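# Working through the structure, step by step
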Amino acid sequence: MSTETLVNWLEKSTELGILSREILQAIAGEMEMTTFPPGFRVVIEDTPVTNLYILERGQADRYRSKQPGLMWASSLLPGAIVNLSALQRSQPADSRIIARTECQFWVISADRWYSLLKRYPRITEAYAERLAAKLEQLEAEIAYERERQNALRSYLVPRARRGVIGNSRYAVKLRQQIRTASSDSRSVLISGEPGLEKDNLAALIHFGSHRRNEPIIQIKSALLQSNGAELFGRLGGKPGLLEWLGEGTLILNDVQELPAQLCPQIQQLLTEGTYTPVVKEGQIPRPPRSTNARIILISEIVQPKLDKLTQHKIKVPSLRVRKADLEAQVNYYLNIIGRKKKLVKPQVTREAIRRLQAYDFPGNLQELQGMVDRALVQAQGSRVLTEEVFWAQAKKQKFRLNLLNIYPKFRQFLRSDWYPDRVNYWFTTWVFALVVIILFVAPQDRQHNFALNIFWAWWWPLILLLFPIIGRLWCAFCPFMIYGEIVQKLSLKIFPRTLNQWPRKQAEKWGGWFLFGLFTLIFLWEELWNLENTAYLSSCLLLLITAGAVIFSLIFERRFWCRYLCPIGGMNGLFAKLSIIELRAQQGTCAAECSTYQCYKGGPALGEGLTTNGCPIYSHPAQLTDNKDCVLCMTCLKACPHRSVELNLRPPGIELWTTHVPHSYEVALLFLLLSGIYLHRLPEINDLLGLGINLDQFIPHLGLSLAVLIIPPMIPLVAYAVMQAIYRLGQAESIPFTSYKPLSFVSLAYGYLPLVWGGSLAHYWRLGLQEGGRVIPVTFATFGQIRDDLPSFIGDPAVISFLQGLTLIVSLLITIFVTQKIANRSIKSLIPQHLASLCLMVSLWYAIVGT
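Given the structure is predicted, the values throughout are model-derived calculations rather than measurements.

## Concerning helix 10 (residues 263-272)
- Every buried residue of helix 10 is accounted for by Ile266, Gln268, Leu269 and Leu270.
- Count one or two residues on from helix 10 and you reach glycine 273, which has phi positive near 70°.

Given below as structure tokens:
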């Protein structure tokens, strides 16, 4: 390289360009080219300086010591001068220089440099001037930075408090979203319920990004002025936070509380990256200013407008869906609180974790932290934290009493082989077979066949009487399905195969209507062929239902018939909603601890769980919302390794106005059972109304039966139509009082359920207290021994009438109460439905008690 070219290069590309060309020519004459390989240590800190280096080609790194044990690195690019300051001040090298790539340096020895300084004092003077200029610039930068820090200090976020704790899929996804948002500078919207520490997630995004050395500030949206002056500044006046922030990060917290006037400016900030300072009246607005700050919005509710404008959307899951992380969260809080209070970290019992998992934590992480803090205070230095020190009450457990905790021996019995398998296979199977045989071969009327007497005068009254107490318990000992399971097991041994999975979609859609139709046919068969007083026909009915269970057990796995198609099961599931007993599971425990679903799928013994084949009707106890799909077989109780299953005592029918999900086919069955009560009293209704229809003739009998099945449900339908008409008149302001929109007919119809149950029980009181009391002489008559000296226990007609009337009145009052709870409306708005219930009760009174 010629001297002239080298001088030009020094003048344009190095700090020496402040010197005259004469001096630069002298310096160029003393320079020699040297090449260093990658990784070579060109200069070592704190050693005497022997040369001045000027990088001509390649890249090198400079390492300076900021404090003991900590080095600050920067890159050197062509034109950088090494050791200039040290030579000027005659001090050792203040940094380490390492070649990153092959580097070519122009080198001047220290002796030759000192000679140049003596020959040209202007070099020292120029360096002093340059140093003074740099010092002046540094002072200005320090003053600016001090003013900037003062402006931002009250808003600064010093650090992220903690990371995302836990290993659930929600925690893993949240960490991934934070990493993705940290990889660029685009805007972020973080939304979620209160107490989820969303501002901490925003800090994690900032400190995980390349902006980590820039400031991050947080502002509550509700505290901003409506014109946004503190954020955008004033034209010709005090700068705003965005200007002070530079390339830092702005967190706008609770943007749902943002003043409406500010929304357009925030939208402009998100879409264009610009803002407009506030102007006084009369001032001419200037063009918008751009900002390099990153914007992170935090909201507790969905913000549709802002959601569309932000590039990253993070929906923070609530703690109630992250129950698997709860134990890790508790241990984390125990660590930080214990460290702050200088306490030894205690152990948390499994029961305490289960109790916390059963709680929904409306306050989320903040509530949990406060709960752990209170538990440590209450524990008073104990090394073990039990469930008593955690003040958490599960909302869904309100008004519930777990009988399995109160009566441990009862729990042991339900987990034993006796319940229900031994009872079913050692007793129910043989008794049912005996009953069917006796119905066929013994005398055919109730006065001479004890099996027929037991079926109609004992089983029906007792099962109706017990529905509000034990729910669908009969299905756990149902002989229909016992024979279905026996045939299923035998067929699999003889013809090994894989049974079909349930066609759930079709079954959910049509199964309820199938059993409704089957029940309709049973009602007509019972009435038209005098089923209740004809033994072999009653036996045929039992065998037909058993045949359905057997056939579907040969085709499908488990108890498909019980779940979807059995008419008796459908009735049991409907009335079981009124029960004071429910089987449920602790949702938090199931979500956090269970990964095998033993109660649902079945499997080998785990923990304290036993080996089972899983729920026979594919119901998960943690997902039950009512009693319809639980047969109380206790398979889940036996299988659960986490002690999650509960058998609760509860207010009767509470599910009807809390967790219940209405279905149209259930409502159809409900009104069919209502009409069935009238069908059972058809001769009395015929006489009461003076119709004079000859019931011995099939066609008139069939016509009246169909009419009785159709007419009673019309009363609730008319009542609902009246309620809808009143509501429409209220909307049109045609009536002088406020009207409320009624719930759907399917939802409100469940209010009639207690009346249907009460009417059915009132009908069977007479059979139970009269013919049921003659079971001993009827038993002897079955075997040809007709005797008048055998004891009978027959209720007085007046007592029976009293019980029938009392049952109807009580069921009417319960119906009114349940209707009010379901509708959650004023009693005035539900008068048409209450009048319909009264009309039905009065008509049932005349049909049952009055005859």
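Anyway, onward from the coordinates.
## Digging into the packing of helix 2 (residues 21-30) against helix 4 (residues 110-119)
- The N-to-C vectors of helix 2 and helix 4 enclose an angle of 160°; their axes lie 11 Å apart at closest approach. One element, helix 2, and the other, helix 4, form an angle in the roughly antiparallel class. Read as a crossing pair, helix 2 and helix 4 show a hand that is right-handed. Contacts between helix 2 and helix 4 involve Ala26, Ile27 and Glu30 from the first element and Arg112, Trp113, Leu116 and Arg119 from the second.
- Among the residues making up the contact of helix 2 with helix 4, the classes are represented as four nonpolar, no polar and three charged.

## Observations concerning the packing of helix 30 (residues 714-731) against helix 35 (residues 831-849)
- Where helix 30 contacts helix 35, the two axes come as close as 8 Å, and the packing angle between them is 160°. Considering the angle they form, helix 30 stands roughly antiparallel to helix 35. Considering the relative orientation of helix 30 and helix 35, their crossing is right-handed. Together, Ile715, Pro716, Ala719, Val722, Met723 and Ile726 of helix 30 and Pro832, Gln833, Ala836 and Leu840 of helix 35 make up the contact between the two elements.

## As for the sheet that holds strand 3 (residues 51-57)
- The strand order across the open sheet built from four strands is 1-8-3-6, with neighbouring strands paired in antiparallel fashion. The open sheet has two edge strands, strand 1 (32-36) and strand 6 (81-82), and neither has a second partner.
- As judged from the two bridges shared by strand 3 and strand 6, these two strands associate in the antiparallel manner. Bridge pairing in strand 6 places tyrosine 53 opposite valine 82.
- Relative to strand 3, helix 1 (residues 3-13) is tilted by about 95°, and along the sheet it contacts strand 3 and strand 8 (103-109).

## Concerning the confidence of the model for the chain
- With 97% of its residues at a pLDDT of 70 or more, the chain shows a mean pLDDT of 89.
- Confidence, expressed as mean pLDDT per element, reaches its minimum in the chain at strand 5 (residues 70-76) with 71 and its maximum at helix 27 (residues 664-680) with 96.

## As for unusual backbone geometry
- Cis geometry is adopted by the peptide bond preceding proline 420, which originates at tyrosine 419 and carries an omega value of -15°.
- Mapped onto the secondary structure, proline 420 falls in helix 17 (residues 418-441).
- Although it is not a glycine, asparagine 364 adopts a positive phi angle of roughly 55°.
- Mapped onto the elements, asparagine 364 comes out in helix 14 (residues 364-379).

## Overview of the state of the cysteines
- Scanning the model with the defined rule gives zero disulfides in all.
- Of the cysteine sulfurs around cysteine 636, a residue in no disulfide, the closest is that of cysteine 599, at 6.2 Å.
- Given a relative accessible area of 9%, cysteine 636 falls into the buried group.

## Remarks on the pattern of salt bridges
- Scanning the model with the defined rule gives 35 salt bridges in all.
- A salt bridge links aspartate 417 to arginine 422; the nearest nitrogen and oxygen atoms lie 3.8 Å apart.
- By relative accessible area, arginine 422 is classed as partly exposed at 28%.
- Across the salt bridge formed by arginine 681 and glutamate 684, the nearest N and O atoms sit 3.8 Å from each other.
- Owing to a relative accessible area of 24%, glutamate 684 belongs among the partly exposed residues under this scheme.
- Each of Arg400, Glu582, Arg584, Arg650 and Glu655 takes part in one network of salt bridges that share partners.

What counts as what
- Residues numbered from 1 in each chain as written.
- Predicted model: local features only at pLDDT ≥ 70, side-chain atom pairs only at ≥ 80, totals over all residues.
- Heavy atoms only, no water.
- Buried < 20%, exposed > 50% of the residue type's maximum accessible area, 1.4 Å probe, protein only.
- Helix = DSSP H or I, 4+ residues; strand = E, 2+ residues; numbered from the N terminus.
- Axes fitted to C-alpha atoms, helices over the stretch in contact; angles between N-to-C directions.
- Parallel < 35°, antiparallel > 145°, perpendicular 65-115°, else oblique.
- Left-handed = near helix turned anticlockwise from the far one by under 90°.
- Contact = heavy atoms within 4.5 Å.
- Nonpolar A, V, L, I, M, F, W, Y, C, P; charged D, E, K, R; others polar.
- Pairing = 2+ DSSP bridges.
- pLDDT = per-residue confidence, 0-100.
- Disulfide = S-S within 2.5 Å.
- Salt bridge = Lys/Arg side-chain N within 4 Å of Asp/Glu carboxyl O.

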